[in-house]
Amino acid sequence: MKRTPAAVVAVAVAVMATGVSACTSSDGATREKPRPEGSATASRTGKRNVPVTESRPRPCKGGTYTWFNTQRRWVLNGVTEPQHFTGAQGAEFTVPMRRLRTDMASVRTEGTGGTSQDDDDVLLALGVHLGLAEKGDEASGLGEPGQYAPVDKAGGEYSGAVGHLVEFSSVQLIETDFRHSCGRGKQVHRTVGHVVNWTSSGGGGIACETPLSEQASAAAREAVRLSCHR
């Protein structure tokens, strides 16, 4: 892969995302517990053990999401030390990338009556809200809860480059709160929550001796400050 040493190369990889709305209902899954012999039901049926059902909340389809306090920003999450090039043809970048951040995807929810939203449903709905997907898609394309944001790998060909070069990695983080409502009348269940994730990632190469352009990203400027020492 050839890179241009005199310019910031920003490679943003769009990430597909999907979304559907989801809600929580009190009509939930059941588990059975035997009723002891001698109970009223047992005497009526003549059976020693009669199943008794207990309801517990479960996610259901439908409902409405409201998103607020939404922030999207590019951050520097990896950078290399400078590598010196002497103008040789076919010279390759060999300095490893160092991770600077450990941003982890997460979904936190809290609902009424002990209910909470399924993480996948929340991420699907967020993907639709961000315009990264359409309703009916099967996967959000966003990071799974517990997964770390990716760091772009260093490496590439800088044929004929002269001077000190560094490479960097960046990621566009998304952080938002949400409120979800499901049901009608007295059966409405409400959930609030918070999501941390990312929508795209990328990286680039910088020539330390070349001034950055006005269009250079904040991540590129931070990389220069950290590794080019200027």
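Analysis parameters
Residues numbered from 1 in each chain as written. Predicted model: local features only at pLDDT ≥ 70, side-chain atom pairs only at ≥ 80, totals over all residues. Heavy atoms only, no water. Helix = DSSP H or I, 4+ residues; strand = E, 2+ residues; numbered from the N terminus. Buried < 20%, exposed > 50% of the residue type's maximum accessible area, 1.4 Å probe, protein only. Contact = heavy atoms within 4.5 Å. Areas by Shrake-Rupley, 256 points an atom, 1.4 Å probe, with all protein chains shown as cover. Polar contact = N/O pair within 3.5 Å; in protein donor to acceptor, adjacent residues only side chain to side chain. Disulfide = S-S within 2.5 Å. pLDDT = per-residue confidence, 0-100. Arc of directions from axis to C-beta. Phe/Tyr/Trp six-rings, centres within 6.5 Å; stacked < 30°, edge-to-face > 60°.

Some thoughts on the overall build of the protein chain
Looking only at helices and strands, one finds three helices and 13 strands in the protein chain. Burial status across the protein chain gives 40% buried among its 230 residues. Considering only contacts in the protein chain between residues 6 or more positions apart, those separated by 24 or more positions represent 77%. Accessible area of the protein chain: about 13,000 Å², with a carbon and sulfur share of 49%.

Re unusual backbone geometry
Even without being a glycine, Asn-69 presents a positive backbone phi close to 55°. When its relative accessible area of 54% is taken as the criterion, Asn-69 is described as exposed.

Section: helix H2 (residues 119-129)
Listed as buried for H2 are Asp-121, Val-122, Leu-123, Leu-124, Ala-125, Leu-126 and Gly-127. N-capping of H2 is provided by Asp-118, with a side-chain oxygen placed 3.1 Å from the backbone N of Asp-120. Backbone geometry just downstream of H2 places Gly-131 in the positive-phi region, at approximately 80°.

Re the state of the cysteines
Overall, the coordinates contain one disulfide when judged by the stated rule. Disulfide pairing places Cys-208 opposite Cys-228 at an S-S distance of 2.0 Å. Between Cys-208 and Cys-228 the disulfide shows an S-S torsion of about -70°. By sign, it is left-handed. One end of the pair, Cys-208, is in the loop between strand E13 (189-207) and helix H3 (218-228); the other, Cys-228, is in helix H3, with 20 residues separating them in the sequence. Accessibility classification places Cys-208 together with Cys-228 in one group, the buried group.

Brief notes about the environment of Glu-175
Tracing the sequence through the fold places Glu-175 in strand E12 (residues 162-182). A C-alpha to C-alpha distance of 5.8 Å links Glu-175 and Thr-70, two positions 105 residues apart in sequence. If sequence neighbours within four positions are ignored, Glu-175 has contacts with Asn-69, Thr-70, Gln-71, His-194, Val-195 and Val-196. Here His-194 takes part through its side chain, which lies 2.9 Å from a polar atom of the side chain of Glu-175.

Some points on the confidence of the model for the protein chain
Across the protein chain, pLDDT averages 78, with 71% of residues at or above 70. Within the model, pLDDT remains below 50 along residues 4-45, and this stretch shows 146 contacts once partners closer than five positions in the same chain are excluded. Contacts for the low-pLDDT stretch residues 50-56, under 50 throughout, to residues beyond four places or in other chains number 24 contacts.

Some remarks on H3
Regarding H3, the residues found buried are Ala-219, Ala-220, Ala-223, Val-224, Ser-227 and Cys-228. An end-on view of H3 places all buried positions within 140° of arc, on one side of the element. Those residues of H3 that are exposed and angled more than 90 degrees off the buried face are Ala-218 and Arg-225. Against the buried residues of H3 lie strand E6 (64-79), strand E9 (98-99), E12 and E13. A positive phi of about 60° marks His-229, the residue just after H3.

Overview of the packing of aromatic side chains
According to the stated counting rule, one finds six aromatic pairs in the structure shown. A ring pair is formed by Tyr-65 and Phe-178, whose centres lie 5.8 Å apart and whose planes are at 55°; its orientation type is tilted. Linking Tyr-65 in strand E6 with Phe-178 in strand E12, this pair joins segments that are 113 residues apart in sequence. For the pair Tyr-65 and Phe-178, one class covers both residues: buried. Through successive ring pairs, a cluster of aromatic residues spans Tyr-65, Trp-67 and Phe-178.

Some details on the environment of Val-192
Within the fold, Val-192 resides in strand E13. Along the sequence, Val-192 and Ser-181 sit 11 residues apart, while their C-alpha atoms lie 9.0 Å from each other. Every residue in contact with Val-192, bar those within four places of it in the chain, is listed here: Arg-108, Thr-109, Glu-110, Phe-178 and Arg-179.

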